[in-house]
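As a plain string of letters, each chain reads:
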Amino acid sequence: MADWGPVVIGLVLFVVLTPGLLFQLPGKSRVIEFTNMQTSGVSILVHSILFFGLITIFLIAIGVHISSG
């Protein structure tokens, strides 16, 4: 049986935390901007740290597992 938990969690977090797609933190003119489709180096760094923190919580601390078969 394959464990699809890390794949699904990683995919969902990648889509949700793509800078500028749903939100951008920090924004160009405000602290948070929604659906502006622009990004900056600082925003990429912040979203990468959020991604790492959330994937660590979901996979290691909580232990999400999705089994197939």
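Conventions adopted
- Residues numbered from 1 in each chain as written.
- Predicted model: local features only at pLDDT ≥ 70, side-chain atom pairs only at ≥ 80, totals over all residues.
- Heavy atoms only, no water.
- Helix = DSSP H or I, 4+ residues; strand = E, 2+ residues; numbered from the N terminus.
- Rg over C-alpha atoms; globule rule 2.2 N^0.38 Å.
- Core = buried A, V, L, I, M, F, W, Y, C linked by side-chain atoms within 4.5 Å.
- Buried < 20%, exposed > 50% of the residue type's maximum accessible area, 1.4 Å probe, protein only.
- Contact = heavy atoms within 4.5 Å.
- Patch = residues over 30% accessible without salt bridge, like charges linked within 9 Å, V, L, I, M, F, W, Y side chains within 5 Å.
- Areas by Shrake-Rupley, 256 points an atom, 1.4 Å probe, with all protein chains shown as cover.
- Salt bridge = Lys/Arg side-chain N within 4 Å of Asp/Glu carboxyl O.
- Expected span 1.5 Å × (residues − 1).

Caption draft 1: Inspection of the overall build of the protein at higher detail. Looking only at helices and strands, one finds two helices and four strands in the protein. Each helix and strand of the protein, placed in order from N terminus to C terminus, yields the pattern β-α-β-β-α-β. The globule rule puts the C-alpha radius of gyration for 69 residues at 11 Å, and the 14 Å found for the protein is more than 25% above it. Taking the principal axes of its C-alpha atoms as reference, the protein extends roughly 50 × 20 × 15 Å.

Caption draft 2: Spotlight on the nonpolar core. By size, the foremost hydrophobic cluster in this structure holds five residues: Ile9, Leu13, Leu17, Phe23 and Ile55. Phenylalanine 23 has contacts with Val16, Leu17, Thr18, Ile32, Glu33, Phe34, Thr35 and His47, leaving out every residue within four places of it along the chain.

Caption draft 3: Layout of the side chain of serine 43. Following the sequence through the fold, serine 43 ends up in helix H2 (residues 41-62). When residues no more than four places from it in sequence are discounted, the contact partners of serine 43 are Pro19, Gln24, Leu25 and Pro26.

Caption draft 4: The arrangement of unusual backbone geometry in detail. The residue after leucine 25, namely proline 26, is reached through a cis peptide bond having omega -5°. Its location among the elements puts proline 26 in the loop between strand S2 (23-24) and strand S3 (33-34). The phi angle at methionine 37 is positive, at roughly 55°, despite the residue not being glycine. One can find methionine 37 in the loop between S3 and H2. Residue classification places methionine 37 among the exposed positions, given a relative accessible area of 62%.

Caption draft 5: Representation of a nonpolar patch on the surface in the model. Taken together, Trp4, Val7, Val8, Leu11, Val12, Phe14, Val15, Val16, Leu21, Leu22, Met37 and Ile66 make up a surface patch of nonpolar side chains, about 1,100 Å² in accessible area. Tracing the backbone through its elements, the reader meets leucine 11 in helix H1 (residues 5-16). The class of leucine 11 is exposed, set by a relative accessible area of 55%.

Caption draft 6: Representation of H2 within the structure. In a regular helix each residue adds 1.5 Å, so 22 residues correspond to 32 Å; H2 covers 30 Å between its end C-alpha atoms and thus fits that length. Of the residues making up H2, those classed as buried are Ser43, His47 and Ile55. Positive backbone phi, approximately 80°, marks glycine 63, located one or two places after H2.

Caption draft 7: Highlighting the environment of leucine 25. Counting through the fold element by element, leucine 25 comes out in the loop between S2 and S3. A residue is classified by how much of its surface remains accessible, and leucine 25, at 26% relative accessible area, is partly exposed. Beyond its immediate sequence surroundings of up to four residues, leucine 25 is in contact with Val31, Ile32, Ser43, Val46, His47 and Leu50.

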